[in-house]
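Summary of the model geometry
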Amino acid sequence: MNLLTIFLGMIGPWQIAIVVALVLLLFGGRKIPELMRGLGTGIKEFKDATKDEEKTDKVEDKK
C-alpha cells in the first residue's frame with residue numbers, strides 16, 4: 001500500500017499535461033479518436049473473452 005502511494009504521489013498536473021501534449025504532437029488531433037475507439041474495442045473483447053472462459057470453466061467443473 002505504501003509503495004502505491006509513493007508512485008501515485010509522484011504524478012502531478014504538470015506531468016499529465018506534458019503527456020497529453022506529447023500524445024497530441026505524436027498522433028495529432030484526428031488520429032486520437034481512432035486510437036481510443038480501438039483501445040475500447042480491445043478492452044471489450046478482452047472482457048468478453050474472460051467471461052466466456054469463466055463460463056466454460058464452470059461447465060467443466062460441474063462434470
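These numbers come from a predicted model, not from an experiment. (Residues numbered from 1 in each chain as written. Predicted model: local features only at pLDDT ≥ 70, side-chain atom pairs only at ≥ 80, totals over all residues. Heavy atoms only, no water.)

Section: the overall build of the protein
From N to C terminus, the protein includes two helices and zero strands. Within the protein, the proportion of its 63 residues that are buried is 2%. When the accessible surface of the protein is totalled, it reaches about 6200 Å², and 68% of it is carbon and sulfur. (Helix = DSSP H or I, 4+ residues; strand = E, 2+ residues; numbered from the N terminus. Buried < 20%, exposed > 50% of the residue type's maximum accessible area, 1.4 Å probe, protein only. Areas by Shrake-Rupley, 256 points an atom, 1.4 Å probe, with all protein chains shown as cover.)

Remarks on the pattern of salt bridges
If you walk through the whole model with that rule in mind, you get one salt bridge. The partner of E34 in a salt bridge is K31, and the shortest N-O contact between them spans 3.5 Å. Pair noted here: E34 and K31 are both in helix α2 (residues 13–62), with a separation of three residues, about one helical turn. Judged by relative accessible area, K31 falls into the partly exposed class, the value being 41%. (Salt bridge = Lys/Arg side-chain N within 4 Å of Asp/Glu carboxyl O.)

Re a negative patch on the surface
A cluster of acidic residues, E45, D48, D52, E53 and E54, forms a negative patch at the surface. Along the chain, the position of E53 falls in helix α2. (Patch = residues over 30% accessible without salt bridge, like charges linked within 9 Å, V, L, I, M, F, W, Y side chains within 5 Å. Lys, Arg positive; Asp, Glu negative; His and termini not counted. Charge placed at Lys NZ, Arg CZ, Asp CG, Glu CD.)

A closer look at the environment of V23
Looking at the secondary structure, you find V23 in helix α2. Note on V23: relative accessible area 32%, which makes it partly exposed. Among all residues touching V23, those that are not within four sequence positions of it are G28 and I32. (Contact = heavy atoms within 4.5 Å.)

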